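# Summary of structural features
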Amino acid sequence: MRYIIKHGSIIDPARRVATVGDVVICDGVVEQVSELADWHADNESIGDDIEIINARGAVIAPGFTDLHTHLREPGEEQKETIATGTLAAARGGFTTVCAMPTTRPTPDTAAVVRHVQALARREGHVRVDVIGALTQGCAGKALADMIELSEAGCIAFSDGGHPVADAGLMRQAMTYAAALGVPVMTHCEEPGLTRGWAMHEGIVSTRLGLAGFPAAAEEAMLARDIALAELTGVHLHVCNVSTAGAVALLRAARARGVRITAEVTPHHLTLTDRWVLGKLVPHETVAVPAGPPPPPASSRKGRRSAPPEQIIPSWLDPALLEPYDTSTRVCPPLRTQADVDALVAGLRDGTIDAIATGHAPQARVDKECEYGVAAPGISGLETALALVLTLVHRGEMDLVNLVAKLTEGPAQVLGRSPATLHPGARADIVIFQPDQAWTVDASQFASRGRNTPLHGQHLKGQVMLTMAAGEIVFRRDHFGRSGEPRRATSRLDGFLD
Amino acid sequence: MEMVSRRRRHVIDLDEMTAAEIEEILELTESMKEVLAREIKQVPTLRGRTVVNMFFEDSTRTRISFELAAKALSANVVSFSARGSSVEKGESLIDTVRTLQALGAEMVVIRHSQAGAPYLVAQHFAGAVINAGDGRHAHPTQALLDLFTIRERLDRIRGLKVVIVGDILHSRVARSDLWGLTRLGAHVTLCAPPTLLGPAHFWTATWPQISISHRLDEALEGADVVMVLRLQKERMQAGLLPSLREYSRAYALTPERLERLGAETLIMHPGPMNEGVEIWPEAATAPNSVIEAQVTNGVAVRMALLYWLAG
């Protein structure tokens, strides 16, 4: 089967290029990428085994890689399965997901890893890489069979959301991983500082009377893990960075040459602890949602004459939520605006390598309860792109760099060849409309986890088609089938430099 | 004012309540107190209405106060106590509330150990919800009875200096009092050991008008009202305090401090008291102590709220 994706804005982050053109896919690999003028495929001359996908006005990019996905299978299939989780991934534009090991049982032996890999081959919609358990049962007591796990194909070791409290054990684990050349992914949380936590410790937790997870709990553990990474020489990958202090620690560690990489979630880049207040008005300010800053002068004129669907507000409004909405409970918790600003800056300047969803689907019963006892986690795969695109729409990040953080960045963390669209590359491709306005409806998620604070929010940016190894694994509303042009390419002015 | 009262369906905290609404409830409390002074302490206002008191945390006092309030208004009142969160019990709070609704409950009063639980109840219940204390978050009826008691004795709230001393961090009473007192124009000083308060700006960001102190003797200068909070013994076990002896020396309302305060300063405590820990018996029973009046006024305030919400 051959696909010709026509008239798209091609972003190839590996080569930092954005051009308008066509991409030809044949037998699972990219066959040809051409400037618009170079390809003159004619509808009438095309046979049955060729499909033309009209991508006018949309972005064509390498498929995204998610470094941090909880697929929940085996053991918690009421929350998610490999089938539903990878379909959610496909709908979010992800063609590779790295499955976190906090399942039941955990992949702490090769047999469990092979079971997950077999399930993924049989039922997965996108590629699944398995992260092996760092300690047996992710319980932080004894090392998992790390040599066996790495031979079985684990791409990293981690205990998921469980911090390894014992520094001595962490050192041994890192020493093993360093020798195996496999990264260790850590969730940084000093458990002595987070007992009974419900949300970020700060102004909002004080007002709401909820026990806090201070920023220092993350930073203290990160400082320890950086020291241990220097001691052992392991490649340390820091999961879901959430505080300004953590960004500063990472920046300093990188500057002195520590082998360290880091990821940040879409929600930590865009939402704050203010979301736990929901519709309650913060005392100091009367007007609730802060709109986006005015667009730069160059694009202002263009926006004023934009068609109506473009002026649907794309900023986020926490007042749509009830107070103490458990969908806002996530680990690490949503932090403050100062943290959000530092995370965006860290992402922009390369201190943070990748955007990872931290996709943590939960069953209804785990969320329909009191805030302090609700299971933490956000079902994030299907809103990730639109959420991080708010950074582009607000002018805080350029589109090519953002796409790199979803493709190139994670590939580098995994030590893979750069995600790219050059001929011969595996045809993992996403096509998205960065401007398409939509309203989040969690009941329409492919994921079994409907736990999102974004339900009902107006976002901009929608995945239209996802192709994994040359096969269409997700397609929205017959995208690209009609011959008529959908959008003018000039719509992308301002997003592409 | 009537319009506003008709529209509000629940009382979960005072943070969303306007000064006018608070005043309206305090005025209603006045009339309810008059009812309670009669020989027959009952009016037919809520005859045929069903009120359910759900107490997921032990509190004999507050429960009895709510029961008496509902009975004085002739409501059908049912109370139940169940310890622990819904998760521990294996039954969800939402399910409990739906069941009560199906049984015909029109108003629920909820006491719960988890902050925010009343908001969850309110989302799944068609009638009115009154918060009788949720975790560390809020205790609006306590705050209203405190306001009523202060105004009853001192004729005003505006401009008064009110010192709240004790375990502020874990206190729902302190938080609701903060909303009520600041909204009605009082100057509030919070006084607590550093571990039972947290950083000052965590408080002043939400309540910019207040003062923060770690030294009780300084805080008490010129105070019109002193509210002493209960110190839970668990705070000691959690390592938040060096010793009870030291806490008492630094933060208790002792006879010496009582003497320095003068006879005009109101002494308040939401109860139950740990006498000899945060307050000395001499202070609790002093002529300027209004601790018993707080309890009495609690019934009238809760009657006023039930009436106000039943609209």
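Each value, and the rule that gives it
Residues numbered from 1 in each chain as written. Chains lettered and ligands numbered in written order. Predicted model: local features only at pLDDT ≥ 70, side-chain atom pairs only at ≥ 80, totals over all residues. Heavy atoms only, no water. Contact = heavy atoms within 4.5 Å. Buried area = accessible area lost by both parts, 1.4 Å probe. Salt bridge = Lys/Arg side-chain N within 4 Å of Asp/Glu carboxyl O. Polar contact = N/O pair within 3.5 Å; in protein donor to acceptor, adjacent residues only side chain to side chain. Helix = DSSP H or I, 4+ residues; strand = E, 2+ residues; numbered from the N terminus. Nonpolar A, V, L, I, M, F, W, Y, C, P; charged D, E, K, R; others polar. Buried < 20%, exposed > 50% of the residue type's maximum accessible area, 1.4 Å probe, protein only. Pairing = 2+ DSSP bridges. Core = buried A, V, L, I, M, F, W, Y, C linked by side-chain atoms within 4.5 Å. UniProt positions renumbered as here; feature names shortened; annotations may be inferred.

This part is about the interface of chain B and chain A. The interface is formed by 28 residues belonging to chain B together with 21 residues belonging to chain A. Overall, the association of chain B and chain A removes approximately 2200 Å² of surface from exposure, summing both partners, and the carbon and sulfur fraction of that is 62%. Inspection of the chain B/chain A interface yields one salt bridge. Seen at the junction of chain B and chain A, the total is four residue pairs in polar contact (both at pLDDT 80 or more). Those elements that provide at least two residues to the side of chain B that touches chain A are helix H4 (86-89), helix H5 (93-102), helix H6 (117-123), helix H8 (172-183) and helix H9 (200-204) of chain B. Residue composition of the side of chain B that touches chain A, grouped by class: 13 nonpolar, ten polar and five charged.

This next bit is on the pairing of strand E8 (residues 225-228) of chain B. Residue and element names in this part refer to chain B. Side-chain alternation along E8 places Val225 and Met227 on one buried face and Val226 and Val228 on a second face that is also buried. Looking at chain direction, strand E5 (residues 161-165) and E8 are connected through four bridges and run parallel. For valine 162, the partnering residue across the bridge sits in E8 and is valine 225. Two elements, E8 and strand E9 (residues 266-268), share three bridges in a ladder whose sense is parallel. Opposite valine 225, over in E9, you have leucine 266 as the bridge partner.

Quick look at the nonpolar core now. Buried together is how nonpolar side chains tend to be arranged in soluble globular proteins. Of all hydrophobic cores here, the largest spans 82 residues; its most connected members are Val238, Leu269 and Phe432 of chain A. The dominant element in this core, judged by the number of residues it contributes, is helix H13 (residues 384-393) of chain A, at six residues. Those residues within four positions of phenylalanine 432 of chain A in sequence are excluded, and the remaining contacts are Ala58, Val59, Ala61, Phe64, Leu385, Leu389, Leu399, Val403, Gln462, Val463 and Met464 of chain A. Judged by nonpolar contacts, the second largest core, of 68 residues, contains Ile22, Ala69, Leu184 and Leu190 of chain B.

This next bit is on the UniProt feature "binding site: substrate" (unreviewed entry) in chain A. Residue and element names in this part refer to chain A. Mapped onto this numbering, the UniProt entry annotates "binding site: substrate" (unreviewed entry) at His70, Leu71, Arg72, Pro376 and Gly377. Mapping histidine 70 onto the fold places it in the loop between strand E6 (64-69) and helix H1 (82-91). Once residues lying within four places of it in the same chain are set aside, the contact partners of histidine 70 are Glu80, Met100, Thr102, Gly358, His359, Ala360 and Pro361. Side chain to side chain, histidine 70 and histidine 68 meet in a polar contact 3.5 Å long. With a relative accessible area of 30%, proline 376 lands in the partly exposed category. Those residues within four positions of proline 376 in sequence are excluded, and the remaining contacts are Trp197, Arg329, Val330, Cys331, Gln362 and Lys367.

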